[in-house]
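# Tertiary structure, described
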Amino acid sequence: MEILEPTAANLALAGARIAAGGLVALPTETVYGLGADAFNAAAVARVFEAKARPSFDPLIVHVASAAGASRVAASIPPKARALMEALWPGPLTLILPKVEELPELVTSGLPSVAIRCPAHPVARAIIEASGTAVAAPSANPFGYLSPTRAEHVARMLGDRVDLIVDGGSCEIGVESTVLDLTREPPRVLRPGGMAREAIEAAIGPIDFPPPGGGPAGGPSPSPGQLDSHYAPRTPLRLAPEGGLGPAFAEALREGRVGRRAAVLLLGEAELARLGSLAGAFAELRLLAPGGGLAEAAASLFSTLHELDGLGLDEIWAERVPERGLGPAINDRLYKASTK
Ligand code: TXA
Ligand code: MG
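Described below are features of the structure shown in this document.

The rules behind each value
- Residues numbered from 1 in each chain as written.
- Chains lettered and ligands numbered in written order.
- Predicted model: local features only at pLDDT ≥ 70, side-chain atom pairs only at ≥ 80, totals over all residues.
- Heavy atoms only, no water.
- Buried < 20%, exposed > 50% of the residue type's maximum accessible area, 1.4 Å probe, protein only.
- Helix = DSSP H or I, 4+ residues; strand = E, 2+ residues; numbered from the N terminus.
- Pairing = 2+ DSSP bridges.
- Right-handed = clockwise from strand over helix to strand, strands pointing away.
- Lys, Arg positive; Asp, Glu negative; His and termini not counted.
- Salt bridge = Lys/Arg side-chain N within 4 Å of Asp/Glu carboxyl O.
- Polar contact = N/O pair within 3.5 Å; in protein donor to acceptor, adjacent residues only side chain to side chain.
- Contact = heavy atoms within 4.5 Å.

In this section: the pairing of strand S6 (residues 112–116). Most of S6 sits inside the fold, with five of its five residues counted as buried. Covered by surrounding structure in S6 are Ser112, Ala114 and Arg116 together with Val113 and Ile115, the residues of both alternating faces. Pairing of strand S4 (residues 60–62) with S6 involves three bridges; the strand directions are parallel. Along S6, the bridge assignment pairs Ile60 with Ala114.

So this is what it looks like as structure tokens:
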């Protein structure tokens, strides 16, 4: 495995590797992806193998433009067209009917395909250089935290990819919003980097998962969206409604707190609410001191990667407000807390 800087020559090389059936880890504005030629079933099979991903969990196909989407989608209904015009390139994945030629493995045998046009210039350049559509799940072992830096990919999958293109830290930090356009009204299967508000401004009302990130069991989530996902190895304990303070105080009283615990909070306001209880934690992290949800999303996975490397007994966290990128953060926290 090589880690390459995103020079023009290296982007061309990365595209050629994909075209030749290789596996290339590449930065997007959401998280790093593990890319392969979507039309090459053998290359796609290697992606599943590298991630130890179950074959029932379909991949997202990345294209460089709306025109590229027509090579993988059998039809593009008006709402999909409107979203492509308003919000692409960006962190929004659209589920549309697939074309015959796309291997079944990419879509896990479903008649639909997930399509995304990433905004990151490195991802776009590599897709263009490959001359094909690029199937790319997040570049992490299945079920583990998603990578937002090249070093996360190197640590987790290093020997299983042909090369990693280093594009620095991912700006958005949580995966794309997955929107199913094969039903009416369209439904969000995975909240992510594109806020509900922006989607509804473009196409009107959509179905959205219940607040709080779970427990799932509501309307059918994405295939492969198991309750447990995005999880650190260190147990993550997500506070119930009412916040972390009361839950943690009770656990302390009952002797249910590990010796070395970390607390993960949104910002200074949440820290103030926790008061003197904060002193009981060995480590404290704020996702965004000022409480901004976009900033919090951007630091979520890198903070969890860091805490997971400290050999702690547990990580305590609480949910964030349900607006903007809040639902995406809560979804990841909930899934990280479920084992
Ligand atoms: O931001 C992202 O979306 C990142 C970057 C690399 O683009 N990719 C990513 O891929 O998160 P992955 O494989 O980790 O997640 C893909 C999600 C899964 O929840 C999968 O179940 C869903 O998309 N999905 C894919 N194809 C689908 C389909 N045909 N119908 C419903 N859900 C689908
Ligand atoms: Mg993933």
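Right, picking up where we left off after that structure.
Right, let's talk about the pairing of strand S12 (residues 261–265) for a bit. The buried count for S12 comes to five of five residues, which makes it a mostly enclosed element. Along S12, one buried face is formed by Ala261, Val263 and Leu265 and the opposite face, lined by Ala262 and Leu264, is buried too. Sheet analysis places S12 next to strand S14 (residues 314–317), joined by four bridges and oriented parallel. Counterpart to Leu264 in the pairing with S14 is Ala317. Two elements, S12 and strand S13 (residues 283–286), share four bridges in a ladder whose sense is parallel. Among the inter-strand pairings, Ala262 is bridged to a residue of S13, identified as Glu283. For the segment spanning S12, helix H10 (residues 268–274) and S13, crossover handedness is right-handed.

One can find Asp308 in helix H11 (residues 293–308). Within the buried set, Asp308 has no salt-bridge partner at all; the shortest N-O distance to an opposite charge, 5.2 Å, is to Arg233. For Asp308, the side chain forms a polar contact with the side chain of Thr234, separated by 2.5 Å. Setting aside its immediate chain neighbours within four residues, Asp308 contacts Tyr144, Leu145, Pro232, Arg233 and Thr234.

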